[in-house]
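An overview of the molecular structure
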Amino acid sequence: MKIAMIGTGYVGLVSGVCFSDFGHDVVCVDKDPSKIEMLNKGKVPIYEPGLDVLMQKNVDAGRLTFTTDLIEAVDGAEAVFIAVGTPTRRGDGHADLTFVYAAAEEIAKAVTGYTVIVTKSTVPLGTNRKVAEVVAKAAPGLEFDVASNPEFLREGAAIDDFMKPDRVVVGAETDRAIAVMQDIYRPLYLRDFPIMTTDLESAEMIKYAANAFLATKITFINEIAALCEKTGADVKAVSKGMGLDGRIGNKFLHAGPGYGGSCFPKDTSALARIGQEHASPMQITEAVMRVNEGVKARMIEKLRDLCGGSFNGKRVAVLGVTFKPNTDDMRDAPSLTIVPALVGGGAKVNVVDPQGHHEGEVLLPGVTWHDDPYSASDGADVLVLLTEWNEFRALDLERIAGSMSSPRMADLRNVYSAQDAEKAGFVSYCCVGRPDFEAK
């Protein structure tokens, strides 16, 4: 089957590469000539483990190509996926659908025969029906269907999520569209992965509801962590005890500096806005958003206390600035709140991140970048572990403490323990929802 993928951002590129690995002929389209040139040279513009190898494999097999020519790309395609950005609109928190509708209009004017136009981008309820209206207006008489196929890809594990999904959600309302979507996902169906078909609105809602629920789990355990700090309980033990309950599960119950990334902040904001527009307030989601911002502020106060009440003149080493490991994505990362507070308070900040340097140079002015945690922490007063990259999980803490001016550590991902810090020679250690350590 020939598939056209409009947009080569994170979702579009991963989806296009994986569809080609299913055996489909995939053409990925983007308006940015420099991005297409990069892709045609075998270079991936995002960091996603294994994506470069899988992409090259399917390019070499002749199943995957890249172009700026949308008309050429959709010619003969049985399905055209819209995977363009839907950023949060300034001022009202709603998803900006400008690129979605523009893509739909371009597709309508380019296709010549029956096509299923599939929305892969995360869009508010009712968007797919609006896409159908845009297409019908742009190309009266065109034979087409619209389908919703939301993505559930975790950055850093996207290929595995695509190839071994918990479920595939397809919103489609004609037998013909459903048959096309079933053919696209046939390799997964044959391996018994769940593929559920719903109406358009339910498919749109599933995406928002799932992300809002996961954001709620993260925020809930962060509130519990704050209470643990006041009562002497250990949030790691609490999380484990909760997670062993099959009705709850252990995923997304790790206390930390708050959620970030490309999905949770944007999708919770959009869901809250949808609720407001339909006079059905999403009160839990709205509370989650407020509490998450408060979590970041609480982390700043932890660091301020560790610095003796002021950041001024302190030397701080920050390990990790991406919103999670195994990605170069810094959108709404806690570091974008915490690091500027350090710099603004007068601290000299050293930063190291395996993949965050390129984005971070623009987003975090006033910091000094280092290649490894040992050079970053040399002479520092405080060490802050902000993103739990594997490279930071087995540090030589004794070496780091010995090189610091005043060995104090803020472990905002609970990778280590107070006992680890004390044994290594730190004079002070704080974490999230667990016992701290202060030398007598």
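First things first, this report covers the structure right here in the doc. Nothing here was measured: the structure is a model prediction, and the numbers come from that model.

Reading the values: rules and limits
Residues numbered from 1 in each chain as written. Predicted model: local features only at pLDDT ≥ 70, side-chain atom pairs only at ≥ 80, totals over all residues. Heavy atoms only, no water. Helix = DSSP H or I, 4+ residues; strand = E, 2+ residues; numbered from the N terminus. Rg over C-alpha atoms; globule rule 2.2 N^0.38 Å. Buried < 20%, exposed > 50% of the residue type's maximum accessible area, 1.4 Å probe, protein only. Phe/Tyr/Trp six-rings, centres within 6.5 Å; stacked < 30°, edge-to-face > 60°. Pairing = 2+ DSSP bridges. Contact = heavy atoms within 4.5 Å. Axes fitted to C-alpha atoms, helices over the stretch in contact; angles between N-to-C directions. Parallel < 35°, antiparallel > 145°, perpendicular 65-115°, else oblique. Left-handed = near helix turned anticlockwise from the far one by under 90°. Nonpolar A, V, L, I, M, F, W, Y, C, P; charged D, E, K, R; others polar. Salt bridge = Lys/Arg side-chain N within 4 Å of Asp/Glu carboxyl O.

1. Digging into the overall build of the protein
Looking only at helices and strands, one finds 18 helices and 15 strands in the protein. Taking 440 residues into account, the globule formula puts the C-alpha radius of gyration at 22 Å, and the protein, at 24 Å, falls close to it. Each principal axis of the C-alpha distribution contributes one length, and for the protein these read about 80 × 50 × 45 Å. Taken over 440 residues, the protein has a buried fraction of 53%.

2. Side note on unusual backbone geometry
In terms of backbone geometry, most residues other than glycine have negative phi values and most peptide bonds are trans. The phi dihedral of aspartate 192 is positive, around 70°, even though this residue is not glycine. Tracing the backbone through its elements, the reader meets aspartate 192 in the loop between helix H9 (186-189) and strand S8 (195-198). Assessed through its relative accessible area of 69%, aspartate 192 is described here as exposed.

3. Brief notes about the packing of aromatic side chains
Going through the model one piece at a time under the given rule, you end up with 8 aromatic pairs. Summarising the aromatic geometry, the rings of phenylalanine 19 and phenylalanine 162 are spaced 5.1 Å apart at their centres and angled 85° between planes, so their arrangement reads as edge-to-face. Linking phenylalanine 19 in helix H1 (residues 10-21) with phenylalanine 162 in helix H7 (residues 158-163), this pair joins segments that are 143 residues apart in sequence. Taken individually, phenylalanine 19 and phenylalanine 162 each receive the classification buried, so the pair is uniform in this respect. When the centroid spacing of 6.1 Å and the interplanar angle of 45° are considered together, the rings of phenylalanine 252 and phenylalanine 264 count as tilted. Note that phenylalanine 252 is positioned in the loop between helix H11 (235-243) and helix H12 (264-277) and phenylalanine 264 in helix H12, a separation of 12 residues in sequence. Residue classification places phenylalanine 252 among the partly exposed positions, given a relative accessible area of 27%. On the accessibility criterion, phenylalanine 264 (11% relative accessible area) is buried.

4. Details of the sheet that holds strand S15 (residues 437-438)
Within a sheet, each strand pairs with its neighbour through backbone hydrogen bonds, oriented either parallel or antiparallel. Pairing in this open sheet of 7 strands is mixed, and the strands run S11-S10-S9-S12-S13-S14-S15 from one edge to the other. Each of the sheet's edge strands pairs with one partner strand only, and the pair in question is strand S11 (368-369) and S15. Of the strand pairs in this sheet, strand S13 (residues 408-411) and strand S14 (residues 428-430) are connected by 3 bridges, and their pairing is parallel. Counted as the bridge partner of methionine 409 is tyrosine 429 from S14. Taken strand by strand, helix H13 (residues 283-306) contacts strand S12 (382-385), S13 and S14, and its axis lies near 170° from that of S13.

5. Quick word on the packing of H12 against H13
Packing of H12 against H13 leaves a shortest axis separation of 9 Å and a crossing angle of 140°. With respect to H13, the element H12 is oriented oblique. As for how H12 packs across H13, the hand of that crossing is left-handed. Every residue of H13 that contacts H12 at Thr268, Ser269, Leu271, Ala272 and Gln276 is listed here: Thr285, Glu286 and Met289. Of the residues belonging to the contact of H12 with H13, the class tally is 3 nonpolar, 4 polar and 1 charged.

6. Focus on the pattern of salt bridges
The full count for this structure, using the stated rule, is 25 salt bridges. For aspartate 267, the salt bridge goes to lysine 266, with nearest N and O atoms at 3.3 Å. Judged by relative accessible area, aspartate 267 falls into the buried class, the value being 1%. Between aspartate 329 and arginine 331 there is a salt bridge; the shortest N-O distance is 2.8 Å. A residue is classified by how much of its surface remains accessible, and aspartate 329, at 7% relative accessible area, is buried. Linked through salt bridges whose partners overlap, the residues forming this network are Arg129, Glu173 and Glu201.

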